[in-house]
Amino acid sequence: MKSLAMALLVLGFAQAGFAVETQELKCADQAVKAATLNNFKRFNASTGSCGAKLLTAGDYLETYLVCVSDETEPSEWIVVMSKKGDKCKVKYADNQYDSETPNFESSEGLLKTVECSIDYGDNKLVCK
C-alpha cells in the first residue's frame, strides 16, 4: 500500500512539473515566432528559426535568447515575454551582439520549440 501511495505521489509531482514545462514551452514558441517575424521585417530576407534558450523565468516575465537565420548568417535575438495566467505576450524583441550572452554553438540548454520560417515571396510565418 505504501508503494502505491508513493507511486501516486511521484506521478502527481511529475504531472505538476509537466504543466510548468508546458507553460514555459508555450512562451518559448511565441518567442521563436516573434524573433523570426522581427528578423524578417528588419533584414527583409527569407528567415528560419534555429533554436531558443531560456535565460530567465520569473512569475511575470520570461526572457529567451532565440536564434534565427536568414540568407546571410544566423543572428541572436533577446525576446521578453510577459505571462498573465495561461497567456504569453511579447514585451520586447531585438537582435543583440553581446559576446557575454550564451550562444548556439552547442545545443546545451536548447528548448524543444516550434520551428518557424518566412519565405520572402510569401511573407507568411509558417511554424511546425
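Above this text sits the structure in question.
Residues numbered from 1 in each chain as written. Predicted model: local features only at pLDDT ≥ 70, side-chain atom pairs only at ≥ 80, totals over all residues. Heavy atoms only, no water.

K.L.:
When you look at the state of the cysteines in this model, what are you seeing that I'm missing?
P.N.:
What is meant by a disulfide is a covalent connection between two cysteines, made through their sulfur atoms. A full pass over the atoms with the stated rule returns 3 disulfides. Covalent S-S linkage joins C50 and C67, the inter-sulfur distance amounting to 2.0 Å. Measuring the twist about the S-S bond at about -70°, one finds the C50-C67 disulfide to be left-handed. One end of the pair, C50, is in strand β1 (residues 47–57); the other, C67, is in strand β2 (residues 61–69), with 17 residues separating them in the sequence. With relative accessibility at 5%, the residue C67 sits in the buried group. (Disulfide = S-S within 2.5 Å. Helix = DSSP H or I, 4+ residues; strand = E, 2+ residues; numbered from the N terminus. Buried < 20%, exposed > 50% of the residue type's maximum accessible area, 1.4 Å probe, protein only.)

K.L.:
Looking at this structure, I do not really get the pairing of strand β4 (residues 87–96). What am I missing?
P.N.:
Sheet faces and side chains relate simply in a regular strand, where the side chains alternate between the two faces. Pairing analysis gives 9 bridges linking strand β3 (residues 74–84) to β4, with the strands arranged antiparallel. Within the sheet, the bridge partner assigned to E76 lies in β4 and is Q96. Between β3 and the antiparallel strand that follows it, β4, lie 2 residues; G85 among them carries a positive phi value of about 65°. (Pairing = 2+ DSSP bridges.)

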